Amino acid sequence: MRDEVDELVEAWARERTDLDLEPVAVFSRISRLARHLDLARREAFSAHDIESWEFDVLAALRRAGDPYELSPGRLLRETLVTSGTMTNRVDRLAARGLVERYPDPEDRRGVIVRLTPEGKAAVDGAFEALLQAERALLADLPQRDQARLATLLRTLLAPFGTPPGQGG
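The following refers to the structure shown.

The rules we used
- Residues numbered from 1 in each chain as written.
- Predicted model: local features only at pLDDT ≥ 70, side-chain atom pairs only at ≥ 80, totals over all residues.
- Heavy atoms only, no water.
- Helix = DSSP H or I, 4+ residues; strand = E, 2+ residues; numbered from the N terminus.
- Rg over C-alpha atoms; globule rule 2.2 N^0.38 Å.
- Buried < 20%, exposed > 50% of the residue type's maximum accessible area, 1.4 Å probe, protein only.
- Expected span 1.5 Å × (residues − 1).
- Axes fitted to C-alpha atoms, helices over the stretch in contact; angles between N-to-C directions.
- Parallel < 35°, antiparallel > 145°, perpendicular 65-115°, else oblique.
- Contact = heavy atoms within 4.5 Å.
- Nonpolar A, V, L, I, M, F, W, Y, C, P; charged D, E, K, R; others polar.
- Salt bridge = Lys/Arg side-chain N within 4 Å of Asp/Glu carboxyl O.
- Pairing = 2+ DSSP bridges.

### Here's the deal with the overall build of the protein chain
Along the protein chain, the regular secondary structure elements total 7 helices and 3 strands. Overall, the protein chain shows an N-to-C arrangement of helices and strands of α-α-α-β-α-α-β-β-α-α. Against the 2.2 N^0.38 benchmark of 15 Å for 168 residues, the protein chain shows a C-alpha radius of gyration of 20 Å, more extended than a compact globule. C-alpha extents for the protein chain along the principal axes are approximately 65 × 30 × 25 Å. Expressed as a percentage of its 168 residues, the buried residues of the protein chain come to 25%.

### Let's talk about helix α3 (residues 52–63)
A rise of 1.5 Å per residue sets the reference length of α3, with its 12 residues, at 16 Å; its end C-alpha atoms lie 16 Å apart and thus fit the reference within 8%. Every buried residue of α3 is accounted for by Trp53, Glu54, Phe55, Val57, Leu58, Ala59, Ala60 and Leu61. Just beyond α3, the residue with positive phi is Gly65, at close to 85 degrees.

### Quick look at the packing of α3 against helix α5 (residues 83–95)
Two elements in contact, α3 and α5, have axes whose closest approach is 11 Å; the angle formed by their N-to-C orientations is 90 degrees. The angle between α3 and α5 places the two elements in the roughly perpendicular class. Mapping the contact onto sequence places Trp53, Glu54, Val57 and Leu58 in α3 and Met86, Arg89, Arg92 and Leu93 in α5. Each residue belonging to the contact of α3 with α5 can be placed in one class, and the counts come to 5 nonpolar, no polar and 3 charged.

### Observations regarding the pattern of salt bridges
Tallied over the full model, the rule gives 17 salt bridges. Across the pair Arg29 and Asp6 runs a salt bridge whose closest N-O atoms are separated by 2.9 Å. Here Asp6 lies in helix α1 (residues 4–15) and Arg29 lies in helix α2 (residues 22–46), a separation of 23 residues in the sequence. The salt bridge partner of Arg42 is Asp38, with a shortest N-O separation of 2.2 Å. Of this pair, Arg42 and Asp38 both sit in helix α2, separated by 4 residues, roughly a single helical turn.

### Remarks on the sheet that holds strand β2 (residues 99–104)
Consider a sheet: its strands pair through backbone hydrogen bonds, and that pairing is either parallel or antiparallel. Here 3 strands make up an open sheet; going across it, the order is β1-β3-β2 and the pairing antiparallel. Strand pairing shows two members of the sheet lacking a second neighbour, β1 (69–70) and β2, which therefore form its edges. Bridge count for β2 against strand β3 (residues 107–115) is 6 bridges, and the pairing is antiparallel. Across the sheet, the residue bridging to Val99 is Leu115, located in β3.

Printed below as a string of structure tokens:
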């Protein structure tokens, strides 16, 4: 089975016989797949009336487990955004009724951000839609190959570490 990356690599090989083009064969396909995944994520999230950044915050709270709450500092670590950005995001999510703030019982200066039932329903629905879209992207790859690909990608990513909150 041939694809457009094969043609791209062949064209470069014809023009630059002095170069090893194996990285192009791998990363051009990863790049193309990332575009398809990004589109699938946007569609899954918009179908549940949330944006990607909203999903990131709501998913961090959902993964925290019942009662689905975190401190703003923990949310920062989970989503890798600045304090000002997180404040803005929590404000916007609270205005939509997807999260609520309440005083931190252990730190009278602090607050806790909690997922509301509406926020939980939104993130659960978006996550289910995302999984369905991701399954469709993997449909032509047998299960054993999917597991092997996950292992290979883990190995490839290992030197970079995986930032918290990145990856669903």
